[in-house]
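So you can see what is in the structure, the chains are spelled out below.
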Amino acid sequence: MPLYTSAMTDAEDVEASREEQEVTIVLAAVDISTLTTRIVDLAARIARRTWSNAQLHLVHVFRAGPFDRPARVGLRSEDLRAEARSHLDFHVRMARRQFPGSVTSHFAEGDPAEQVLRCARAINADLVLVGTLDRMGLERLLLGSVAAKVAKSAPCPVLIVRQKQRPYVKAT
């Protein structure tokens, strides 16, 4: 029985070797929600399992508006900023335990959607992961949807991550 083999041309061989050398960049947008751990876990898993030469980047956007953070009486903006950086550092350490490649953090201030998009363009991201809390009604009208804005304008594919829905079990 003959063995089927495929002969690659020199041009195809060069192209395949170039693809192996290219770095794939995965950007995960993290915030202060409970969804962040899921986003980082998923980003690390996708980068680790899909590309042998991936880099993982985490971006946190600090925004000190009245609706952005739980009210903390007596905390100054600098304290909140330091807390946000600490939160990002924690998730970078978590990502480094899960992902063997390069993990880089980015800290920005301003509108979350604009800053995530700016970061994605600056690092030439190949994939962006962003979470959604599925806000509805007035809350969504006032705050908007960062995930929807990023998905609409991103220069690459966007994976929107949401909390895993648990089935409703009626107590007996």
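As a reminder, the structure under discussion sits directly above these lines.
Owing to the predicted nature of the structure, the values given are computational and were not obtained by experimental measurement. Sequence order as written defines the numbering, with residues in each chain counted from 1. Per-residue local features of the predicted model are confined to residues with pLDDT of at least 70, and side-chain atom pairs are confined, for both listing and counting, to 80 or more; whole-chain, interface and lining totals are unaffected and use all residues. Note that water and hydrogens are dropped before the side-chain values are worked out from all heavy atoms of the structure.

**Structural notes on the sheet that holds strand S5 (residues 158-161)**
For two strands to be treated as a pair, DSSP must find no fewer than two bridges joining them. The helix count covers DSSP runs of H or I at least four residues long, the strand count covers runs of E at least two residues long, and both are numbered beginning at the N terminus. Strand order across the open sheet formed by five strands is S3-S2-S1-S4-S5, with parallel pairing between neighbours. One side of each edge strand has no neighbouring strand; the edge strands of this open sheet are strand S3 (102-109) and S5. Between one strand and the next, the sheet's axes are offset by a mean angle of 20°, whatever the strand orientation. As a rule, the C-alpha atoms of each element are fitted with a line to give its axis, helices using only the stretch in contact, and angles between N-to-C directions run from 0 to 180 degrees.

**Looking at helix H2 (residues 36-50)**
Along an α-helix, residues three or four positions apart point the same way, because every turn accommodates 3.6 residues. An expected span of 1.5 Å times one less than the residue number is assigned to each helix. For H2, built from 15 residues, the straight-helix expectation of 21 Å at 1.5 Å per residue is met to within 8% by its first-to-last C-alpha distance of 21 Å. Burial status follows relative accessibility: with a 1.4 Å probe on protein chains alone, a residue under 20% of its type maximum counts as buried, one over 50% as exposed, and anything between as partly exposed. By the burial criterion, the buried members of H2 are Thr 36, Ile 39, Val 40, Leu 42, Ala 43, Ala 44, Ile 46 and Ala 47. Only heavy atoms enter the contact rule, under which two residues are in contact if any of them lie within 4.5 Å. Check the buried side of H2 and you find it contacts strand S1 (24-30), strand S2 (54-62), helix H3 (77-98), strand S4 (127-131) and S5.

**Description of the pattern of salt bridges**
Note on definitions: salt bridges are taken to be side-chain nitrogens of Lys or Arg within 4 Å of carboxyl oxygens of Asp or Glu. A complete count under the given rule lists two salt bridges for this structure. A salt bridge links Arg 63 to Asp 111, with the shortest nitrogen-to-oxygen separation between them at 3.3 Å. Of this pair, Arg 63 sits in the loop between S2 and H3 while Asp 111 sits in the loop between S3 and helix H4 (112-122), and the two are 48 residues apart along the sequence. Linking Glu 109 and Arg 81 is a salt bridge whose minimum nitrogen-to-oxygen distance equals 2.8 Å.

**So, a positive patch on the surface**
On the surface, Arg 38, Arg 45, Arg 48, Arg 49 and Lys 164 cluster together into a patch of positive charge. Within the secondary structure layout, Arg 49 lies in helix H2. Owing to a relative accessible area of 63%, Arg 49 belongs among the exposed residues under this scheme. For patches, a residue must show more than 30% relative accessible area and have no salt bridge; joins then use 9 Å for like charges and 5 Å for nonpolar side chains, namely Val, Leu, Ile, Met, Phe, Trp and Tyr. Surface accessibility follows the Shrake-Rupley procedure with a 1.4 Å probe radius. Residue values consider only the protein chains on display as shielding. Counted as positive: Lys and Arg. Counted as negative: Asp and Glu, with His and the chain ends omitted from the count. By convention, charge coordinates are those of NZ in Lys, CZ in Arg, CG in Asp, or CD in Glu.

**Here we look at the side chain of Thr 36**
In this structure, Thr 36 sits in helix H2. N or O atoms closer than or at 3.5 Å make up a polar contact, with two conditions inside protein: a donor-capable atom paired with an acceptor-capable one, and, for residues adjacent in sequence, both atoms drawn from side chains. Of note is the side chain of Thr 36, whose polar atom sits 3.3 Å from the backbone oxygen of Ser 33. Look past the residues within four positions of Thr 36 in its chain and what remains in contact with it is Val 30, Asp 31, His 87 and His 91.

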